[in-house]
Amino acid sequence: MNLQRSKELFDKSQKCIPGGVNSPVRSFKGMEISPPFIKSAEGCYIIDEDNNTYIDYVLSWGPMILGHGDKDVKDAIGKQLNLGTSFGAPTLLELQLAQEILDIYESMDMIRMVCSGTEATMSAIRLARGYSKKEKIIKFNGCYHGHGDCLLVEAGSGALTHGEPNSPGVLADIAKHTLVAEYNDISSVEALFKENPDNIAGIIVEPIPGNMGVLLPQNDFLKNLRSLCDKYNSLLIFDEVMSGFRASFNGAEKLFGVEPDLITLGKVIGGGLPVGAYGGKRDIMKEISPIGPVYQAGTLSGNPLAMTAGLTTLNKLKSLNPYQDLSNSVKEMAKDIKKTNSKFGKNYCFNHIGSMFTLFFYEGEVTKKSDVDKCDFTLFSKYFTFMMERGIYIAPSQYEAGFVSVCHTSQDLEKTAKSYYDFLQQV
Ligand SMILES: *Cc1c(COP(=O)(O)O)cnc(C)c1O
């Protein structure tokens, strides 16, 4: 694999942009090779500046469920381009996308558009605090909710202490209001509620975590979160920026039969353009400005290009209904990996749901953050290089999810499975 031009560009970029990238994970930190600079993409393929083609399992970190360059999405954007790209005034497209999402997410009565997932979660938390008039938030170790100050927090030392900043620049005074529990460990959540019975505004959780690799909720974990929130009069926030329209069409609420109070969305609902959204119960959403006192605004919020890309994507997903096929593709992958594993006497974990998956280099079940931490990271980085050289682009970290799109064919998936086989054979 020749990455010469990409290497030159990466060297130059590193002089102009911190780490050469506009989002850290793109820098391939900890991997053996430097990132390819992507020139174009079509379907499930991306092409770099050295003209290498890869099967893309990153899909812009989730959004491109219809594959790159979907004709309907492109046409819709082109049409809007001629009508205008931003007005800063209400548009029909915003109403249409809002109606579409409210129709699909049964628990949601109202929704507000923003420009990124980070903005969505920050705003949802401000709203939860403003509505409940309580201060503290519970988040889970290993769940990611964007880079808002109150969410860049890790557990303090000692089981029940308040959270501590996990980035310089986040004030300890802010971080201390975020409490950190363990995903899939309801007792860790109960303990935090017992310690702060009157002051927890809400829990924010990726109902299906994808940001420590894909994990699944175990033993009614989400139902139990709902019960605790009801008992202590706190809000339950499902962060479905990644899992929304990925794990299923109707969201985690339908999949697991648990109704959250607020939901954050992003990624797929922007069809590849910058979008986020938060929505929920009417009496909560009515607290947002201009009808309520909780302030939140955005110059480019509800941008018509993003709205039309998102709307076209959701309409197409509704009519194609590809979820069973996508899920079957990933199940097929799981079967192949299992076969390969047993051939080589390994038991590496492959977690998946809908069109999301992660292969963990850990022999056993991965249900919590501490399991992910035990993966063989050296082996992962070798695997990563091996796959890149085979023309297969996966996320450059064990803590990420992979995605399939409607454009991935059985040949693409077979090539990927064969490459895993060849990797284990030569390692
Ligand atoms: C990607 C992601 C975010 C952040 O979204 P951005 O658009 O990158 O700001 C928040 N929550 C989850 C679950 C995500 O996967």
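Residues numbered from 1 in each chain as written. Predicted model: local features only at pLDDT ≥ 70, side-chain atom pairs only at ≥ 80, totals over all residues. Heavy atoms only, no water.

Some remarks on the environment of I55
Mapped onto the elements, I55 comes out in strand β3 (residues 53-56). Given a relative accessible area of 2%, I55 falls into the buried group. Dropping the residues within four chain positions of it, I55 is found in contact with C44, Y45, G391, I392, Y393, H408, D412, K415 and T416. (Helix = DSSP H or I, 4+ residues; strand = E, 2+ residues; numbered from the N terminus. Buried < 20%, exposed > 50% of the residue type's maximum accessible area, 1.4 Å probe, protein only. Contact = heavy atoms within 4.5 Å.)

Notes on the packing of helix α13 (residues 377-389) against helix α14 (residues 410-426)
Axis separation between α13 and α14 bottoms out at 10 Å; the angle between their running directions is 130 degrees. One element, α13, and the other, α14, form an angle in the oblique class. Here the hand of the crossing between α13 and α14 comes out right-handed. Of α14, the residues touching α13 (which contributes L379, K382, Y383, F386 and M387) are T416, S419, Y420, D422, F423 and Q426. Taken together, the residues of the contact of α13 with α14 break down into 6 nonpolar, 3 polar and 2 charged. (Axes fitted to C-alpha atoms, helices over the stretch in contact; angles between N-to-C directions. Parallel < 35°, antiparallel > 145°, perpendicular 65-115°, else oblique. Left-handed = near helix turned anticlockwise from the far one by under 90°. Nonpolar A, V, L, I, M, F, W, Y, C, P; charged D, E, K, R; others polar.)

Quick word on empty space enclosed by the protein
Per the counting criterion, the structure on display carries 2 cavities of 30 Å³ or more. Roughly 240 Å³ of internal volume is contained in the largest cavity. Taken together, 20 residues form the lining of the largest cavity, with F357, T358, L359, Y383 and I394 sitting closest to its centre. If you list the elements that add at least two residues to the lining of the largest cavity, you get α11 (323-343), β14 (356-363), α13 and α14. (1 Å grid on protein atoms, 1.4 Å probe; cavity = no way out; pocket = protein on both sides within 12 Å on 5 of 7 lines; lining within 4 Å. Points joined across faces, edges and corners; volume = space filled by probe spheres on them.)

Looking at the packing of aromatic side chains
Under the definition given, this model contains 23 aromatic pairs. Here F140 and F221 contribute two aromatic rings whose centre-to-centre distance is 5.5 Å and whose plane-to-plane angle is 70 degrees, an arrangement assigned as edge-to-face. Remark: F221 occurs in helix α7 (residues 221-232) and F140 occurs in strand β5 (residues 136-141); sequence separation between them is 81 residues. F221 sits in the buried class, given a relative accessible area of 2%. On the basis of an interplanar angle of 25 degrees and a centroid distance of 5.7 Å, the ring pair of F350 and F357 is categorised as stacked. Residues F350 and F357 agree in their burial class; the two are buried. (Phe/Tyr/Trp six-rings, centres within 6.5 Å; stacked < 30°, edge-to-face > 60°.)

As for the nonpolar core
Of all hydrophobic cores here, the largest spans 96 residues; its most connected members are I101, F140, I203 and F245. Three or more residues apiece are contributed to this core by two domains, here domain 1 (4-65 + 322-426) and domain 2 (71-319). When sequence neighbours within four positions are dropped, the list of residues in contact with I203 reads I138, F140, V189, F193, L225, C229, L235, L236 and I237. Formed by 19 residues, the second largest nonpolar core is a distinct cluster that contains I125, I137, C150 and I237. (Core = buried A, V, L, I, M, F, W, Y, C linked by side-chain atoms within 4.5 Å. Domains from an automatic or database assignment.)

Details of α11
Taking 1.5 Å of rise per residue, the 21 residues of α11 would be expected to cover 30 Å, and the 30 Å separating its terminal C-alpha atoms lies within 8% of that figure. Along α11, the residues that are buried comprise Y323, L326, S327, S329, V330, M333, A334, I337, T340 and N341. Viewed end-on, α11 has its buried residues packed into an arc of 155 degrees, placing them on one side of the element. Facing away from the buried side of α11, by more than 90 degrees, are the exposed residues Q324, D325, K335, K338, K339, S342 and K343. (Expected span 1.5 Å × (residues − 1). Arc of directions from axis to C-beta.)

What to know about the domain arrangement of the protein chain
What the domain assignment reports for the protein chain is domain 1 (4-65 + 322-426) and domain 2 (71-319). A C-alpha centroid distance of 26 Å is found between domain 1 and domain 2. Listed as interface residues are 29 residues of domain 1 and, on the opposing side, 30 residues of domain 2. In this assembly, domain 1 packs against domain 2 so that about 2,200 Å² is buried in total across both faces, 65% of it on carbon and sulfur atoms. Of all residues in domain 1, the largest losses of buried area upon contact with domain 2 belong to Y323, I353 and M356, amounting jointly to 28% of the total for that side. Joining domain 1 to domain 2, the criterion identifies 0 salt bridges. If you look at where domain 1 meets domain 2, you find 8 residue pairs in polar contact (both at pLDDT 80 or more). When contributions to the side of domain 1 that touches domain 2 are tallied by element, the ones reaching two or more residues are β13 (348-353), β14 and α12 (369-372). Top contributing element to the side of domain 1 that touches domain 2 by residue count: β14, with 4 residues. Of the residues contributing to the side of domain 1 that touches domain 2, the split by class is 17 nonpolar, 8 polar and 4 charged. (Buried area = accessible area lost by both parts, 1.4 Å probe. Salt bridge = Lys/Arg side-chain N within 4 Å of Asp/Glu carboxyl O. Polar contact = N/O pair within 3.5 Å; in protein donor to acceptor, adjacent residues only side chain to side chain.)

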